[in-house]
Amino acid sequence: MGGKRFCALRMPGAGLWIALTLAFLAAIAVVAQSNIFDLPPLPKPASYGNVLIDRLAGTEGSKAVGFSHWSHRTRYSCRVCHFELDFVMLANASEITEEANRNGRFCGACHDGQIAFGHTDEHCSKCHTGSSKGNAKQFKKLRKLPRASFGNKIDWVEAEDSGMVTPIASILEPDFEPFPFKEEFEVKAAWILVPPADFSHNSHLRWLDCSNCHPDLFKIEQEATENLLMKNILQGQFCGACHLTVAFPIQDCKRCHTKMRG
Ligand code: HEC
Ligand code: HEC
Ligand code: HEC
Ligand code: HEC
Ligand code: HEC
Ligand code: HEC
């Protein structure tokens, strides 16, 4: 009799203890993970998203080419370069040559002396800088854009939402409208105690084309992509194809795992 009463009194306490233990384990799991994961070093805000293009320039006796994403994405969405102009989303993977540029391909699609400075002698050194540091003076002009904690420290989604930057989605089709696909979902984590990552097609489609993600990076079906794990993301796969180098970086855990604490 006494035993039963004892149990009845203890039960809520036990529930609380289990909850506390689980919360504690969850906290440990997350802290341990952030230490175990080998996060890549973060460059300075003005260098984040800069690429040093040196597939040929070095061997041809000219300096390597510095390209800044932040200076171009204020005007153009990713889609313009990575869909319409055939730039590969990987440093030194596109077959850019001086001749192709002069013929209006790659950089030359815009750097033609009309839309932007052209391929004439006085401008060679603007691109062939030999450095990926980026133009600090010009970066300062972006100070007024909404802030984020990592990467360029610019919240590019908010900057676009508020109309402070107006990147165009196409230079080939003047009437192009991004596909109105509003679907949002959670990508479940493989670990029970880790909150899921949020994914919104809508925020991505303002910048990207379906083909930037499907079918190479993700299957077109929820939870169908295999091996979608942090360790692979950190190797540049899946979300890591963009969120290590150009889109806000992987250090910003809570921007994907919005329910993650600590
Ligand atoms: C708008 C930017 C830009 C401008 C301006 C520019 N280049 Fe380049 N150039 C590039 C890029 C990007 C590459 C590819 C680099 C690589 O893959 O190593 C390149 C490659 C080259 C190469 C090596 C590949 C090849 O095709 O031989 C040479 C040489 C070169 N440029 C010379 C010049 C000269 C000379 C000028 C000025 C008359 C110039 N570039 C102006 C962006 C530019
Ligand atoms: C004006 C053209 C342009 C725009 C706009 C642009 N990119 Fe790029 N991107 C490039 C070039 C050029 C490279 C280097 C390609 C090469 O070296 O072969 C590159 C490379 C990349 C890489 C590989 C970086 C690395 O270090 O390996 C990623 C990821 C990427 N872009 C993502 C994006 C995303 C996301 C956006 C939109 C927010 C975007 N790009 C907008 C031109 C552009
Ligand atoms: C879709 C159009 C577009 C493409 C493609 C493009 N640019 Fe630009 N770029 C511009 C515009 C517009 C400006 C600003 C106007 C100006 O400076 O003449 C600019 C400015 C720049 C600047 C000066 C600002 C800065 O970032 O320091 C550099 C350097 C540059 N581009 C390099 C490149 C290189 C290298 C490539 C190819 C790998 C490239 N751009 C491809 C449109 C483009
Ligand atoms: C760009 C979005 C993004 C960012 C930023 C991000 N994650 Fe993830 N994370 C994911 C996705 C997607 C998954 C789902 C993969 C799975 O586990 O099935 C995931 C899964 C996880 C998992 C489950 C186990 C695993 O290895 O997949 C842990 C733990 C985790 N993330 C921790 C972190 C920590 C800590 C950070 C910050 C240092 C972080 N994540 C930043 C997208 C992100
Ligand atoms: C930034 C990357 C990205 C872009 C761009 C993108 N998707 Fe997706 N899409 C995903 C991810 C991630 C998933 C989930 C895959 C998984 O869980 O295995 C997904 C899933 C889907 C699904 C399955 C959804 C469901 O409810 O089962 C469809 C349909 C889809 N995408 C269509 C599209 C279309 C159409 C476009 C272009 C208008 C597009 N996607 C652009 C990343 C992207
Ligand atoms: C092809 C490139 C690419 C891939 C792959 C990609 N993203 Fe993104 N993502 C972007 C860009 C570009 C933005 C705009 C913000 C920025 O550049 O910092 C963005 C923004 C976001 C945001 C902020 C949305 C908002 O409304 O504020 C989240 C969350 C996010 N991505 C999660 C993910 C997750 C999770 C995955 C993998 C399942 C993923 N992304 C894969 C390019 C990509």
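Note that the structure is a prediction, hence the values are computed from the model and not measured.

Details of the overall build of the protein chain
- A tally of helices and strands in the protein chain yields 11 helices and four strands.
- Burial status across the protein chain gives 33% buried among its 262 residues.
- Restricting to contacts in the protein chain with at least 6 residues of sequence separation, those with at least 24 account for 56%.
- Of the roughly 17,300 Å² of accessible surface on the protein chain, 59% is carried by carbon and sulfur atoms.

Observations concerning the coordination of the iron atom of ligand 4
- Taken together, M230 (SD) and H257 (NE2) make up the protein donors of the iron atom of ligand 4, found 2.1 to 2.5 Å from the metal.
- Under the relative-accessibility criterion, M230 is labelled partly exposed at 25%.

Observations regarding the site of ligand 2
- The environment of ligand 2 is formed by 21 residues, the closest being H69, C78, C81, H82 and N92.
- Interatomic distance of 3.3 Å between a backbone N/O atom of L90 and an oxygen atom of ligand 2.
- One nitrogen or oxygen atom from the side chain of S94 is found 2.6 Å from an oxygen atom belonging to ligand 2.
- Of all the secondary-structure elements, those providing two or more residues to the shell around ligand 2 are helix 2 (69-73) and helix 3 (78-84).
- Taken together, the residues of the shell around ligand 2 break down into 13 nonpolar, seven polar and one charged.

Describing the coordination of the iron atom of ligand 6
- Bound to the iron atom of ligand 6 on the protein side are H204 (NE2) and H243 (NE2), at distances that span 2.0 Å.
- Seen from the iron atom of ligand 6, its six donor atoms lie at angles of 87 to 179°, and the figure they make is octahedral. Note that H204 is positioned in helix 8 (residues 201-205) and H243 in the loop between helix 10 (230-233) and helix 11 (253-256), a separation of 39 residues in sequence.
- The class of H204 is partly exposed, set by a relative accessible area of 25%.
- H243 gets classed as buried once you look at its relative accessible area, which sits at 12%.

Here's the deal with the pattern of salt bridges
- Considering all chains together, one arrives at nine salt bridges under this definition.
- With a shortest N-O distance of 3.0 Å, E160 and R206 are connected by a salt bridge. Taken together, the residues span a long stretch of sequence, with E160 in helix 7 (residues 156-161) and R206 in the loop between helix 8 and helix 9 (210-213) at a distance of 46 residues.
- The shortest N-O distance in the salt bridge between E223 and K188 comes to 3.6 Å. In this pair, E223 is assigned in the loop between helix 9 and helix 10 and K188 in the loop between strand 3 (184-187) and strand 4 (197-200), connecting sequence segments 35 residues apart.

Some details on the site of ligand 4
- Near ligand 4, the surroundings consist of 23 residues, among which L228, M230, C253, C256 and H257 are the closest.
- The separation between an oxygen atom of ligand 4 and a polar main-chain atom of K188 is 3.1 Å.
- Here an oxygen atom of ligand 4 and a backbone polar atom of A190 are 2.6 Å apart.
- Sorting the residues of the shell around ligand 4 by element identifies helix 1 (2-36), helix 10 and helix 11 as the ones contributing at least two each.

Criteria and cut-off values
Residues numbered from 1 in each chain as written. Chains lettered and ligands numbered in written order. Predicted model: local features only at pLDDT ≥ 70, side-chain atom pairs only at ≥ 80, totals over all residues. Heavy atoms only, no water. Helix = DSSP H or I, 4+ residues; strand = E, 2+ residues; numbered from the N terminus. Buried < 20%, exposed > 50% of the residue type's maximum accessible area, 1.4 Å probe, protein only. Contact = heavy atoms within 4.5 Å. Areas by Shrake-Rupley, 256 points an atom, 1.4 Å probe, with all protein chains shown as cover. Donors = N, O, S within 2.8 Å, 3.2 Å for Na, K, Ca; no water. Near = heavy atom within 4 Å. Polar contact = N/O pair within 3.5 Å; in protein donor to acceptor, adjacent residues only side chain to side chain. Nonpolar A, V, L, I, M, F, W, Y, C, P; charged D, E, K, R; others polar. Tetrahedral: all angles 85-135°; square planar, octahedral: opposite > 155°, others 65-115°. Salt bridge = Lys/Arg side-chain N within 4 Å of Asp/Glu carboxyl O.

That's the geometry; what it means functionally is another story.
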